[in-house]
Every structure is written in structure tokens, then in C-alpha cells.
Amino acid sequence: MSAEPVDAQVESGVLWITLNRPDVLNALDVATHLALRAALRRAAADDVGAVVLTGAGRGFCVGQDLEEFRNLVGDASEHLRRYYNPNIVALRELGRPVIAAVNGVTAGAGIGLACACDLRLCSDQARFTPAFASMALVPDSGTSYFVPRLMGGGAFAWLTSGTSLEAAEAQARGLVDEVVPAPELRARAAEVAGAYARQPRAAVAMSKRLLRSQEAVALERQLELEAQLQRVAAASEAHRQALAAFLSRRRG
Ligand code: T3D
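Residues numbered from 1 in each chain as written. Predicted model: local features only at pLDDT ≥ 70, side-chain atom pairs only at ≥ 80, totals over all residues. Heavy atoms only, no water.

(A) Structural view of the overall build of the protein. On a plain count of helices and strands, the protein comes out with eleven helices and ten strands. In terms of C-alpha radius of gyration, the protein reaches 17 Å, essentially the compact-globule figure of 18 Å for 252 residues. Overall, the protein is about 55 × 40 × 35 Å in size when its C-alpha atoms are taken along their principal axes. For the protein, the share of sequence-separated contacts (at least 6 apart) that also reach a separation of at least 24 residues comes to 74%. Averaging the coordinates of the 27 positive side-chain charges in the protein and doing the same for the 27 negative ones gives two points 3 Å apart. (Helix = DSSP H or I, 4+ residues; strand = E, 2+ residues; numbered from the N terminus. Rg over C-alpha atoms; globule rule 2.2 N^0.38 Å. Contact = heavy atoms within 4.5 Å. Lys, Arg positive; Asp, Glu negative; His and termini not counted. Charge placed at Lys NZ, Arg CZ, Asp CG, Glu CD.)

Here it is in C-alpha cells:
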């Protein structure tokens, strides 16, 4: 695999988009957002019938790269509007089914990315950690929109906790569609995505468009509110201290 932050390869009509920063569990920096955007544009090509989004190494995606966040230029609202929210909307707007193959640890905005996909297949080694509250931040990347819809009750308690959900519990609570043994995840994702790629493309695209239509205004409004509140949270002393504590543990 190349050293690009995102790898995108078409195999048998399926575009595999792999977040590729395994040393930091595929944390999101600006280069990764932009590469993901380019990969999602590639997904609209005629040779792509379905998309799988996954991560290299033992992580799926752990949200914002906190090392980068320390040196953020501008405010968190602007950062979300510019880099995060366009990819969340692009996943929803894409006229192809997108399957998240959640291969491992997932935190913060990584949960938003997984939830913006149309289906979530999950390794039995996966773990979902909200992480926002531990960082004195608010849920963003659509997590405040998607998680209550997938989970129903318990979304507030979970999102404001530092509690991780293991794969089986995530499935029991509606966050993921299917859990498979880790060594089988790739094959199962290929099977599910391949089946979609062989279905009548226009009907699948229009089905997705119908589901998207009833969420469009509400999701975009929620993404904007997340961005506004994240600016306040990210400017707080509590966030500054939580970030410093995480980064000093890393160096120590
Ligand atoms: O503009 C905006 O508003 C930005 C939006 C932000 C939304 C968010 O995503 S906020 C949430 C950000 N993410 C986090 O707070 C998660 C931080 N990470 C963790 O809490 C833990 O790493 C995990 C619970 C996810 C996993 O723990 P574990 O024990 O399995 O792995 P680890 O040893 O902590 O991490 C492995 C490496 O990845 C480690 O690096 P090292 O020490 O081996 O060099 C660790 O520092 C690095 N890493 C993990 N998460 C991040 C990260 N590096 C940068 N950014 C990260 N988010």
C-alpha cells in the first residue's frame, strides 16, 4: 500500500477506500480529508458500483488528529465546515451504496464517518469510543444526527460518556448492522459490496436518494449547529487541558 493518507482501488466494480495512517489509528488531518474527498469523487465513475470505506492497521478512524488540532489555524467551526462536513454530505449524496468495514478502534469523528455510510459491517475486534466528552468537545461530523437515529434511547448517555462500546454491544444497540470475525471482514465486505455492485444501479441510487431526501435539511442544519458549538467547546480551558494531557501521555 502507498504512503498516501487514503488509498483508493477499484476491484471487481467495488471502490475500496482505505484510510491509511495506521500509526495514528487513521486520525484525520487536513491531507486525509482532502484525499478522502478526492476518493469519493472517484466513486462516481462508471466502473464503480459500490464503495467500501475501511482503515489500515488496527484502527478504523479515531477522529481529529489531535497533534494537528493543537496547531489549528482558525476556529473549529471553520475547520468542520471546510474539511469534515463536505465529506459527510458527500457520503450521503453519493449515488452508490457505501459500506463501512469497521476494522478496529473508532473514535470521535470516526464514528461520524462510519455512521454516514449506508451500512456498517464490523470486525469483532472493533470498539467505538465517543471521545468527544473526554476532550471537552461536542459530538460532530453528524454523530449528533446519526447516533440517536441508529441507537434511539441511550444516545445522549453514550455520546457524553467516555465509555467504549465493543462490537457486539454496538450491534445490539443498533449502531452496526453486522459483526464478523476480524479475519473475515474483508471478504464479507467484498461479498456485500459486490452484491450491491451487481444490482440495478439506478434503482439502488434512487433508493438512496429517497432516504437522503428526508434527511437533507435536518442533517445540514445539524452539521452547522455542531460546527457552531464545537467552536465554543474547542476554545474552552477544559479542552485545552484535555488536549495537553492526551499529547503529553503520547510523548511520555
Ligand atoms: O474542527 C474540529 O472541531 C475537529 C473535530 C474533532 C472531532 C473529534 O474527532 S474529537 C475526538 C478526537 N479523538 C480522540 O480524542 C481520540 C484520542 N485517542 C484515544 O483516546 C485512544 O487513542 C483510543 C481510545 C482511540 C485508542 O486507544 P488505544 O490504547 O487502542 O491506542 P493508543 O495507544 O492510544 O493510540 C495508538 C497511537 O495512535 C498513539 O500514538 P503513539 O503513542 O503510538 O505514537 C496515539 O497517540 C495515536 N492516536 C490515537 N488517537 C489519536 C492519535 N494521534 C493523533 N490524534 C488522535 N486522535
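(B) Region of interest: the side chain of N85. The topology assignment puts N85 in helix 3 (residues 76–93). Leaving out residues up to four positions away in the same chain, N85 has contacts with L80, L223 and A227.

(C) Focus on the packing of helix 3 against helix 10 (residues 216–234). At a closest axis distance of 9 Å, the pairing of helix 3 and helix 10 adopts a crossing angle of 150°. The angle between helix 3 and helix 10 places the two elements in the roughly antiparallel class. Crossing angle aside, the handedness with which helix 3 passes helix 10 is right-handed. Residues A76, S77, L80, R81, N85, I88, V89 and R92 of helix 3 lie in contact with helix 10, whose contacting residues are L219, E220, L223, E224, E226, A227, Q228, Q230, R231 and A234. By residue class, the composition of the contact of helix 3 with helix 10 is eight nonpolar, four polar and six charged. (Axes fitted to C-alpha atoms, helices over the stretch in contact; angles between N-to-C directions. Parallel < 35°, antiparallel > 145°, perpendicular 65-115°, else oblique. Left-handed = near helix turned anticlockwise from the far one by under 90°. Nonpolar A, V, L, I, M, F, W, Y, C, P; charged D, E, K, R; others polar.)

(D) Main features of the pattern of salt bridges. Counted under the stated rule, the structure contains 17 salt bridges. Notably, a salt bridge pairs D47 with R42, separated by 3.0 Å at the nearest N-O pair. Judged by relative accessible area, D47 falls into the partly exposed class, the value being 39%. Residue class for R42 comes out partly exposed when judged on its relative accessible area of 34%. One connected set of salt bridges, linked through shared partners, spans R92, E93, D118, K208, R212, E215 and E220. (Salt bridge = Lys/Arg side-chain N within 4 Å of Asp/Glu carboxyl O. Buried < 20%, exposed > 50% of the residue type's maximum accessible area, 1.4 Å probe, protein only.)

(E) Highlighting the site of the ligand. Taken together, 28 residues form the shell around the ligand, and within it R58, Q64, L66, H79 and R250 come nearest. Note that a nitrogen atom of the ligand is positioned 2.9 Å from one of the backbone N or O atoms of V62. Within the contact set of the ligand, an oxygen atom lies 3.0 Å away from a backbone nitrogen or oxygen of A109. Burial of the ligand by the surrounding chains reaches 77%, relative to a free accessible area of 1100 Å². Secondary-structure elements contributing two or more residues to the shell around the ligand are helix 2 (66–70), helix 3, strand 6 (105–107) and helix 11 (237–251). Sorting elements by how many residues they give to the shell around the ligand places helix 3 first, with four residues. A breakdown of the residues in the shell around the ligand according to their chemical character gives 17 nonpolar, five polar and six charged. (Near = heavy atom within 4 Å. Polar contact = N/O pair within 3.5 Å; in protein donor to acceptor, adjacent residues only side chain to side chain. Areas by Shrake-Rupley, 256 points an atom, 1.4 Å probe, with all protein chains shown as cover.)

(F) Expanded view of the packing of aromatic side chains. Summed over the entire model, instances satisfying the criterion amount to one aromatic pair. Judged by centre distance (5.3 Å) and plane angle (90°), the ring pair of Y145 and F146 falls under edge-to-face. Exposure remark for F146: the relative accessible area of 6% places this residue in the buried category. Lying over the aromatic face of Y145, R149 brings its terminal NZ or CZ to 3.6 Å of the ring centre. Positioned above the aromatic ring of W16, the side-chain terminus of R186 is 4.0 Å from the ring centre. (Phe/Tyr/Trp six-rings, centres within 6.5 Å; stacked < 30°, edge-to-face > 60°. Lys NZ or Arg CZ within 6 Å of the ring centre and 35° of its normal.)

Functional significance is not addressed by these values, which are geometric in nature.
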